[in-house]
Every structure is written in C-alpha cells, then in structure tokens.
Amino acid sequence: MLCLHVYLFTLLSFAFAIPITISDPQPSNSSLTINPLTTETIATSTSTSSIASLQPLFEGNKQFMSKTRLEAERDAQQDSSYMFMGCLDNRLSPHTIFSAPPATLVTHNNLGNQYDDDDTNADSAITYAIEMANVDHIVVLGHYGCKSVETAITQSDDASDQVKAWVKPIRQLYKDSKRQEIVKLRDSRMPQRGHPNGITAAPPASDPGFRALVEENVKMSVKALKDDSILDWAYSRKKKHDNKIQPDVFVHGFVYDDMTGEVYDLHVSFGPPGKPIPHIPFSALAAAKNFHRDSNRPGINKGKTWNFS
C-alpha cells in the first residue's frame, strides 16, 4: 500500500509540475530547485552584494542646506578663475588638491585628461568656461599612476573595447614616442628570453617610463588645445557681444603626484600672441630628453622635443 502511495505521488508530481526542493542539511546561502518537466537547475542566491549607501550624500546635502542663504549666494557668485581638464581616474578633485573655495573652479573630466578637435563635449565646456564663467586659466591636469595611461600601455583584457578605443591616442603616443624613459619601458616589455609574449603586467606607478608617458599625454592635450581654433573662436565671440574688457586666457599643463601631493609644471603654457605668460609658482620638471640614435647612421630620425615658441 505504501509503495502505491509513493507511485501515485510521483505521477502527480510530474503531471502538475510540482517543484521538488532538495535542501542542503547544512545552512547555506542558496537552495537548489529542480523542475521535473525541464530538468533545469536554478540556483537562487539569498546573499546581497555590498552597495554603497546614498546616506552620506543625503547627510552632506543637509549640511549644505544648513548654511545661511547669504553664505550660499556668496559662494555661488564667486568668479571661476580656473578651468581644469582632468582625468576621471583621479580620486582627488582639483578642489581638494588646491584647497579651492566653492565655485572657483570649472572642471571637465574624461579618461586620461585628453582633448582632440573632434570632442564637441570638451569644446562646449571650454566655450562655456570662457564666455560664461570668465576663466583666466585652463589647466590640463594629469596624475601619475593614471589607469587610462596604464591601459594604453598594457592593453589589458580587463578593459572594455570602449575604454581601449578612447585611450587609443595615448597608445599611439606610447608606440611612437622617442622620449628616453618611454623607449626604455617599451623595449623592456617586448618578447624576450623567459617572456615569449612580452611583459603584460602593468608597470608600477613609480616607473620612469610610466611617469614620462603621463607627462607626454598632458603635453599632447595642451598641444591639441593650442593647434585647435576653439579657444580663439570662443574668445573672439565673447569680445563681439560683450563690451567689458575681458581677461586673457592662458593654458597650462600640470601633473599631480599623489604620493607627495605636489603639483608640477610641464613648462608648455601658452596664451594669446604677444601676451607674456603669467608667473607660474609650481616647480617645473626638467626638460624631457629624447632617445637619439647614432647620428652617423643615415636614415635614422632624431626625436624632437616639444616646442611652443
């Protein structure tokens, strides 16, 4: 009789697709469900991933609202004298690095603090900074250990195709640069005995070649800003419809060292023709030295240093 009951129960289970749950005798974060009609195994996890809370933002906004209306209006009315074109990877904002008061900086960030003449997003931000915010200085701010520059070096499989496409100009700079430190880094990562596929691991942030590529990437963006007409165009437009005397706009290339907190000048600043560059109090890095091959060997081009004169 018992066997008949078991047989009937089994038939009914298959007929009405009653799921049979097999539980682990030990406590577990998941259960295993078997559907007898499809024989699919479905793992149902009861664990939750760790997600950052929005509470700190809420509390921060409450602190901001606690300021008097006069203080808030005063902060909002401060002139923004500086625009920073920085990197998304830099965890410290220019406001923190330079201890800047609220509303004194305009910022525009992307992966690797890059600029090219097809970037309409950056062009519109620069135009706004000049026409509406009346900035005096535009600073391209790189930082040592930049993950975007690292990706350009390693071409890691962990990076998405979109990221690799965006850092392609930095990758090309890495492949073509004749700067001594970058040439040495590039050669050291080539296939060799013991490393038939070359070095694939990321170089340390302290590697001279890595640091040099960060610097050259900043210089490349500054050069693109100088060669592109958006600065002259935006400045001339502002003059046409504003009778007030407008400040001149100067562009600089800085790099930030997160190990020391120090900011260095790359000595590539430029401004309107005929206008002297304002004093730059930041320490200037030594001029880059390019890799020069034997001058007696014909057909070998020597590297050229950046020259904005």
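Residues numbered from 1 in each chain as written. Predicted model: local features only at pLDDT ≥ 70, side-chain atom pairs only at ≥ 80, totals over all residues. Heavy atoms only, no water.

**A closer look at the overall build of the chain**
Each helix and strand counted, the chain has 11 helices and nine strands in total. Counting all 309 residues of the chain, 35% fall into the buried class. Counted over contacts in the chain with a minimum sequence separation of 6, partners at least 24 positions apart contribute 61%. When the accessible surface of the chain is summed, it comes to about 20200 Å², and 55% of that surface belongs to carbon and sulfur atoms. (Helix = DSSP H or I, 4+ residues; strand = E, 2+ residues; numbered from the N terminus. Buried < 20%, exposed > 50% of the residue type's maximum accessible area, 1.4 Å probe, protein only. Contact = heavy atoms within 4.5 Å. Areas by Shrake-Rupley, 256 points an atom, 1.4 Å probe, with all protein chains shown as cover.)

**Here we look at helix α9 (residues 180-188)**
Every buried residue of α9 is listed here: Ile182, Val183, Leu185 and Arg186. Projected down its long axis, α9 shows its buried positions confined to an angular sector of 165°, all on one face. Close packing links the buried residues of α9 with α6 (147-154), α8 (168-176) and α10 (208-227). (Arc of directions from axis to C-beta.)

**Re the packing of α6 against α10**
Where α6 meets α10, the closest approach of the two axes is 10 Å, and the angle between their N-to-C directions is 110°. What the angle tells us is that α6 and α10 run roughly perpendicular. Judged by the twist between their axes, the crossing of α6 over α10 is right-handed. Together, Val149, Glu150 and Ile153 of α6 and Phe210, Leu213, Val214 and Asn217 of α10 make up the contact between the two elements. Across the contact of α6 with α10, the residue classes tally to five nonpolar, one polar and one charged. (Axes fitted to C-alpha atoms, helices over the stretch in contact; angles between N-to-C directions. Parallel < 35°, antiparallel > 145°, perpendicular 65-115°, else oblique. Left-handed = near helix turned anticlockwise from the far one by under 90°. Nonpolar A, V, L, I, M, F, W, Y, C, P; charged D, E, K, R; others polar.)

**Description of the UniProt feature "binding site: Zn(2+)" (unreviewed entry) in the chain**
Sequence positions flagged by UniProt for "binding site: Zn(2+)" (unreviewed entry) are, in local numbering, Cys87, Asp89, His143 and Cys146. Look at the named residues: they lie 60 residues apart in sequence, but the longest C-alpha span between them is just 8.9 Å, so in the fold they bunch up. Mapped onto the elements of the fold, Cys87 is located in strand β4 (residues 82-87). Discounting residues that sit within four places of it in the chain, Cys87 has contacts with Asn109, Asn110, Leu111, Gly112, Asn113, Leu141, His143, Cys146 and Ser148. As for its placement among the helices and strands, His143 is situated in strand β6 (residues 137-143). Contacts of His143, omitting those with residues within four sequence positions, involve Cys87, Asp89, Asn90, Val214, Val255 and Tyr256. (UniProt positions renumbered as here; feature names shortened; annotations may be inferred.)

**Some remarks on the pattern of salt bridges**
Taken as a whole, this structure holds eight salt bridges when the rule is applied. One salt bridge in this structure joins Glu181 and Arg179, with 3.0 Å as the shortest N-O distance. Residue Lys275 pairs with Asp248 through a salt bridge whose shortest N-O separation is 3.6 Å. One end of the pair, Lys275, is in the loop between β8 (263-265) and β9 (283-284); the other, Asp248, is in the loop between α11 (230-241) and β7 (250-256), and 27 residues separate them in sequence. Overlapping salt bridges bring together Arg179, Glu181, Glu215, Glu216 and Lys219 as one network. (Salt bridge = Lys/Arg side-chain N within 4 Å of Asp/Glu carboxyl O.)

**A look at the environment of Ser206**
Position of Ser206 among the secondary structure elements: in the loop between α9 and α10. A relative accessible area of 55% places Ser206 in the exposed class.

**Comments concerning the packing of α6 against α8**
The relative placement of two packed helices comes down to the angle between their axes together with the axis-to-axis distance. Across the interface, α6 lies against α8 with an axial gap of 8 Å and an inter-helix angle of 60°. Looking at the two axes, α6 sits oblique to α8. Judged by the sense of rotation from one axis to the other, the crossing of α6 with α8 is right-handed. Here Val149, Ala152 and Ile153 of α6 come into contact with α8, specifically with Ile170, Arg171 and Tyr174. Counted by class, the contact of α6 with α8 contains five nonpolar, no polar and one charged residues.

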